[in-house]
Amino acid sequence: MKTLVFLTLFVACAFAHTTLFRQSPDDSSSSSSEEVIFTQKAAVPSSESSSSEEVIFTKKALPIAKNRGRKHEKHIQTRSFWQTLKDATSAITEFFFRSNYHRPDDDTRWEKYKIQYKLKFDDPADEEKAKARFVKNRAKVLKHRDTNPNSSIDIDLNKFAIMSSKEFRRRKMGLTPETRPEVRSFFSSDMLREKVPDYYDSRRTPGAVTYIREQGECQGCWAFATVATLETVFFMKYKKTYKLSEQQLLDCDGYNEGCDGGTMDAAFNYIKRNGGINPQKLYPFEEEAKDCRASPLYNRPIFITDVKGFPKPARAGKPGVQANKIEEMMKVATFQHGAVAIGIDAEHMQFYSGGIYTGPCTIGINHGVAIVGYGKCPDTGLDYWIIKNSWGTNWGERGYLRLARGNNTCGVAQMPSVPIIADNIDLTNVKTDEQVDDEN
């Protein structure tokens, strides 16, 4: 890579030098051009002035004009050199980029991609725009593979390949941590004394983790993370699988903003006040917020008594607990309750397809998800979280993400919480999901 950069700059400099540095004309041949330069820059006398005044003005100013002319010519030459160098560098870089990443099979790949994702375009201009994004994103994927052979993650094209990075952020990330309600109950650091296994995965317990959802065009990740966490936490306590309604949260939670964003803690508080939540079958997801239609008659009696948070991570100049200690507490909570609701920075995860994600990302969280397990990679020794996402099964590891654990990667320790379920809930007359399915 260094050789390529050096070669690019060398060729660009040589081109600029050959183009611009020629023998300057002598003074006698340049006098007229110097006068022209001067008359362009000097104040031109008005038409009411006499011709003699104009001649006198010109004769007095001409020596200065010659000097200014030379400086102006030198300035133009210098500016032209750097502009030519920039243009040459860009052209050569683009040449190497196209040679390596814009492949001749782009057209074929695009046609296959359209078939795979059943894409149809009524307007040819829309298809050209989508194809351009596809080609650009394909180039990113190929570049990552070529320049990061030892990467801990795999990336691949998926249904998001026709989205720009900006569009991806706008459509898929709706966590708004600044609107999080005040957390008044916290896990104690005493839980660190608990001994838990090095590997745990709620998915291995049949019925504990329901299927991967798809939030579509709705920025309601917070609702999906709430439901994902609550389903698993409730199962671990009562061994009952209930698929719950994200749509009810989007429509009825008066604190959050539906498909425009929200937080899991506010949603947990709504379910606590509401005395439960409707099943998904009776209140299905519609990819947009609508008027509230929830009925208390259909509530699953998932009674939340508390929403527990974790200490805030220490930051420069601000008190707090070390992030690795918080993640140790989260590890214990995951084992004890089955799931933990969290926020992460998912901005650069558009094409993640597997492996342990270590970055790029920041601690500025923007996406709500649920931890359902943890482990350690035997090949690399990396500790990781197992995270349930809401972007469908053709993203990540069949809808899941493995995120590096122990260093607050992507802000995983910024906003974790767990809903605490009441004891002794009577579920005798509560219909199972299978019974609801049979009735409908």
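Quick caveat, the model's predicted, so the values are computed rather than measured.

J.: Break down the overall build of the protein chain for me, citing the residues and quoting the values.
T.: Of the regular secondary structure elements, the protein chain holds 11 helices and 9 strands. The buried share of the protein chain, reckoned over its 440 residues, is 45%. Put simply, 76% of the contacts in the protein chain that link residues at least 6 apart link residues at least 24 apart.

J.: Provide a residue-level description of helix H4 (residues 106-116), including the pertinent values.
T.: Taken as a whole, H4 has its buried residues at Asp 106, Trp 110, Tyr 113 and Lys 114. Along the axis of H4, the buried residues cluster in a sector spanning 100°; they form a single face. Away from its buried face, by an angle of more than 90 degrees, H4 presents the exposed residues Lys 112, Ile 115 and Gln 116. On the buried face of H4, the contacting elements are helix H5 (124-147). Remark: Lys 118 follows H4 within two positions and exhibits a positive phi of approximately 55°.

J.: If you had to explain the state of the cysteines to someone new, which residues and values would you point to?
T.: Evaluation of the coordinates by the stated rule reveals 3 disulfides. Covalently, Cys 252 is tied to Cys 292 through a disulfide, its sulfur atoms 2.0 Å apart. Across the disulfide from Cys 252 to Cys 292, rotation about the S-S bond amounts to roughly 95°, and the bridge is consequently right-handed. In this pair, Cys 252 is assigned in helix H8 (residues 246-252) and Cys 292 in the loop between helix H9 (264-274) and strand E3 (304-309), connecting sequence segments 40 residues apart. Sequence-ordered numbering of the bonded cysteines in the protein chain gives a disulfide pattern of 1-3, 2-4, 5-6.

J.: Explain the nonpolar core to me, using residue names and the numbers behind them.
T.: If you look at the biggest cluster of nonpolar residues, it comprises 94 residues, and the most contacted ones within it are Ile 344 and Met 349. The dominant element in this core, judged by the number of residues it contributes, is helix H7 (residues 221-238), at 11 residues. If we skip the residues at most four places from it in the chain, Met 349 touches Phe 168, Ile 344, Tyr 357, Trp 391, Trp 395, Leu 401, Leu 403 and Cys 410.

J.: Summarise the packing of H7 against H9; cite the residues concerned and give the values.
T.: Two numbers describe how H7 lies on H9: the axes approach to 9 Å, and their chain directions differ by 60°. Here H7 lies oblique to H9, going by the angle between them. The chirality of how H7 crosses H9 is right-handed. Residues Trp 222, Ala 225, Thr 226, Thr 229 and Leu 230 of H7 pack against Met 264, Ala 267, Phe 268 and Ile 271 of H9. Each residue belonging to the contact of H7 with H9 can be placed in one class, and the counts come to 7 nonpolar, 2 polar and no charged.

J.: Kindly report on the packing of aromatic side chains, identifying the contributing residues and their values.
T.: The tally for this structure, following the rule as stated, stands at 18 aromatic pairs. Each ring, one from Trp 110 and one from Phe 121, has its centre 6.1 Å from the other, and the planes form 35°; the classification is tilted. Of this pair, Trp 110 sits in helix H4 while Phe 121 is found in the loop between H4 and H5, placing the two residues 11 residues apart along the sequence. Taken together, the ring pairs in this structure connect Phe 160, Phe 168, Tyr 352, Tyr 357, Trp 391 and Trp 395 into an aromatic cluster.

J.: Describe the pattern of salt bridges, listing the residues and the values that go with them.
T.: Counting across every chain of the model gives 26 salt bridges. The salt bridge involving Arg 109 is made with Asp 105; its shortest N-O contact spans 3.4 Å. Overall, Arg 109 belongs to the partly exposed group, its relative accessible area being 43%. Lys 159 is the partner of Glu 214 in a salt bridge, and the nearest nitrogen-oxygen pair spans 2.1 Å.

J.: Can you tell me about the packing of H4 against H5, naming the residues and giving the values?
T.: For any two helices packed against each other, one specifies the crossing angle of their axes together with the interaxial distance. At a closest axis distance of 11 Å, the pairing of H4 and H5 adopts a crossing angle of 110°. The orientation of H4 with respect to H5, classified from their angle, is roughly perpendicular. Like other packed secondary-structure pairs, H4 and H5 cross with a definite hand, here right-handed. Contact residues: H4 offers Asp 106, Asp 107, Arg 109, Trp 110, Glu 111, Tyr 113 and Lys 114, while H5 offers Glu 127, Ala 130, Lys 131, Phe 134, Val 135 and Arg 138. For the contact of H4 with H5, the per-class residue count stands at 5 nonpolar, no polar and 8 charged.

J.: Residues and numbers for the confidence of the model for the protein chain, please.
T.: Fine structural detail should not be taken from predicted coordinates in areas where pLDDT scores are low. Mean pLDDT over the protein chain: 83, with 75% of residues reaching 70 or higher. Throughout residues 18-69 the model reports pLDDT below 50, and contacts reaching past four residues in sequence, or to other chains, amount to 23 contacts. Contacts of residues 71-76 to residues separated by more than four positions or lying in other chains number 1 contact, the stretch itself having pLDDT below 50.

About the criteria used
- The residue count restarts for each chain, going from 1 along the sequence in the order it is written.
- For this predicted model, a pLDDT threshold of at least 70 governs which residues receive local features, and a threshold of 80 or more governs which side-chain atom pairs are given and counted, while totals over whole chains, interfaces and linings are taken from all residues.
- Computation of side-chain values covers all heavy atoms of the structure but excludes hydrogens and water.
- The helix count covers DSSP runs of H or I at least four residues long, the strand count covers runs of E at least two residues long, and both are numbered beginning at the N terminus.
- Classification of residues uses two cut-offs on accessible area relative to the type maximum, computed with a 1.4 Å probe and protein chains only: under 20% is buried, over 50% is exposed, and between them is partly exposed.
- We call two residues in contact whenever any of their non-hydrogen atoms come within 4.5 Å of each other.
- Here the arc refers to the set of directions running from the helix axis out to each C-beta atom.
- Two cysteine sulfur atoms make up a disulfide if the distance between them is within 2.5 Å.
- Take the buried residues of types Ala, Val, Leu, Ile, Met, Phe, Trp, Tyr and Cys, join any two whose side-chain atoms come within 4.5 Å, and each joined set is a nonpolar core.
- Fitted lines through C-alpha atoms serve as axes, helices being fitted only where they are in contact, and the angles separating the N-to-C directions of these axes extend from 0 to 180 degrees.
- Convention used here: angles under 35 degrees read as roughly parallel, angles over 145 as roughly antiparallel, angles from 65 to 115 as roughly perpendicular, and any remaining angle as oblique.
- Crossing handedness follows the turn of the near helix against the far one: under a right angle anticlockwise gives a left-handed crossing, and clockwise gives a right-handed one.
- Each residue is assigned to one class: nonpolar for Ala, Val, Leu, Ile, Met, Phe, Trp, Tyr, Cys and Pro, charged for Asp, Glu, Lys and Arg, and polar for all the others, Gly among them.
- Ring geometry is summarised as follows: Phe, Tyr and Trp rings, the Trp one being its six-membered ring, pair when their centres sit within 6.5 Å, and such pairs are stacked at plane angles under 30 degrees, edge-to-face over 60 and tilted between the two.
- Here a salt bridge means any side-chain nitrogen of Lys or Arg lying within 4 Å of a carboxyl oxygen belonging to Asp or Glu.
- Known as pLDDT, the predictor's per-residue confidence is scaled from 0 to 100.

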